[in-house]
Amino acid sequence: MSAYGPRSVALSPREVPLGGVRAMNVRRTLPSKELPTIGAWCFLDRFGPDEVRMRVEPHPHIGLQTVTWPLVGEVRHRDAVGSDAVLRRGQLNLMTAGRGIAHSEYSVGDDAVPLDALQLWVVLPDGAATGAPGFEQHTELPALSIDAEEGDDARATVVLGELAGVRSPASAHTPIVGAEIRLAPGSRVNLPLREDWEHGVLVVEGDARVAAVDVPRGDLLFLGDSRDEVEIRTQDGALLFLLGGEPFEQDLVMWWNFAGRTHEEIVEARTAWEAEGEGPQEDPRFGPVVGHGGERIPAPPIPPVRLMPRRRRI
């Protein structure tokens, strides 16, 4: 495992129009051109805050886990392993794609509703990336207090992995941390980190000064590795999301909803998904999503170039 050293690089989200039946924009921070991963975290979207009727029809994934963390509203998840679950604030949906799974995501009800959530992906290591698919919903997650140097103590919820010795019950396949952290107005804390991991801090709401850098709301500050703590200050209060983990140093080829190692692996997955759209199969790779008929999202064309592994530039 290489040590890249500490960094203080602010990554701003870009607007991505999803359109279609989903009819909403998202703000995407990972992957960026400079940084494909933070630990095994390979994707970070925020959809909302918005008032929308969300309809994400069945679509496939391979080689990753989807982490859905709602901020406002409810999301109904259905998938090809038989899951049908409504997700609410403070709860975690974790879907492990393995060699292949399909799922859908709807807002609850027929009308537009307030909705805001983080959607993250975790790339799976060799073995788990070609393993069985699965789904978990965790309605209770562990929390801890972080002693304040000034003001009130911070409160952290460990969503995935481990923070300061507190571990989430959700299944993790690499050394990782994902945690929501709430700071009271006028507080200053030293957030404990693993020195051998790399980390990033997303400012979800409020104001935050992280590692002596004022980070705008919505931006992610990449901290690199080789830190055992980071100082965070806030004037008016802040809601943050901490991403971190052991640097992911295997090849990673990402395209559409797929995470693989080679161009050929991506092409094979796309071919399998499109074949399932042509009619019933005896042993489909992705499978039908519970409660759905023929509705699905077709795969876009693969670009006329060879898909190559992503490399970090910072």
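Scroll up to find the structure.
Keep in mind the model is a prediction, meaning the values are calculated, not measured.

(A) Broad picture of the overall build of the protein. Check the secondary structure of the protein and you find one helix and 26 strands. For 314 residues, the compact-globule formula gives about 20 Å, and the C-alpha radius of gyration of the protein, at 19 Å, lands near that figure. Principal axes of the C-alpha set define a box for the protein whose edges measure 60 × 45 × 35 Å. Out of the 314 residues belonging to the protein, those deemed buried represent 54%. Contacts spanning at least 24 positions in sequence make up 73% of the contacts within the protein whose residues lie at least 6 apart. A total of about 13100 Å² of accessible surface is found on the protein, and carbon and sulfur atoms cover 47% of it. In the protein, 32 side chains carry a positive charge and 47 a negative one; their mean positions are 4 Å apart.

(B) Molecular detail of the pattern of salt bridges. Applying the stated criterion across every chain, the model contains 21 salt bridges. In this structure, Arg46 and Glu205 form a salt bridge, with 2.7 Å as the shortest nitrogen-oxygen distance. One end of the pair, Arg46, is in strand β4 (residues 41-52); the other, Glu205, is in strand β19 (residues 198-206), and 159 residues separate them in sequence. For Arg46, a relative accessible area of 7% puts it in the buried group. The class for Glu205 is partly exposed, based on a relative accessible area of 29%. In this structure, Arg88 and Glu74 form a salt bridge, with 2.9 Å as the shortest nitrogen-oxygen distance. With Arg88 in the loop between β8 (84-87) and β9 (92-96) and Glu74 in the loop between β6 (64-72) and β7 (75-79), this residue pair connects regions lying 14 residues apart in the sequence. Owing to a relative accessible area of 39%, Arg88 belongs among the partly exposed residues under this scheme. Through salt bridges with shared partners, one network takes in Arg46, Asp116, Glu205 and Arg217.

(C) Region of the structure containing unusual backbone geometry. Look at the link from Leu30 to Pro31: it is a cis peptide, with omega at -5°. By secondary structure assignment, the location of Pro31 is in the loop between β3 (25-30) and β4. The amide bond that connects Gly48 to the next residue, Pro49, takes the cis arrangement and shows omega of 0°. Here Pro49 lies in strand β4. At Ala164, a residue that is not glycine, the phi angle is positive and equals roughly 50°.

(D) The environment of Ala97, seen in detail. By the secondary structure assignment, Ala97 is in the loop between β9 and β10 (101-107). Residue Ala97 is classed as buried on the basis of its relative accessible area of 0%. It is 39 Å that separates the C-alpha atoms of Ala97 and Ala148, two residues lying 51 residues apart in sequence.

(E) The environment of Tyr106, seen in detail. Mapped onto the fold, Tyr106 is located in strand β10. Take Tyr106: its relative accessible area is 14%, and that puts it in the buried class. Sequence-wise, Tyr106 and Val75 are 31 residues apart; in three dimensions their C-alpha atoms are separated by 5.8 Å. Excluding its chain neighbours within four sequence positions, the residues that come into contact with Tyr106 are Met54, Arg55, Val56, Glu57, Glu74, Val75, Arg76, Arg78 and His292.

Rules used in this analysis
- Residues numbered from 1 in each chain as written.
- Predicted model: local features only at pLDDT ≥ 70, side-chain atom pairs only at ≥ 80, totals over all residues.
- Heavy atoms only, no water.
- Helix = DSSP H or I, 4+ residues; strand = E, 2+ residues; numbered from the N terminus.
- Rg over C-alpha atoms; globule rule 2.2 N^0.38 Å.
- Buried < 20%, exposed > 50% of the residue type's maximum accessible area, 1.4 Å probe, protein only.
- Contact = heavy atoms within 4.5 Å.
- Areas by Shrake-Rupley, 256 points an atom, 1.4 Å probe, with all protein chains shown as cover.
- Lys, Arg positive; Asp, Glu negative; His and termini not counted.
- Charge placed at Lys NZ, Arg CZ, Asp CG, Glu CD.
- Salt bridge = Lys/Arg side-chain N within 4 Å of Asp/Glu carboxyl O.

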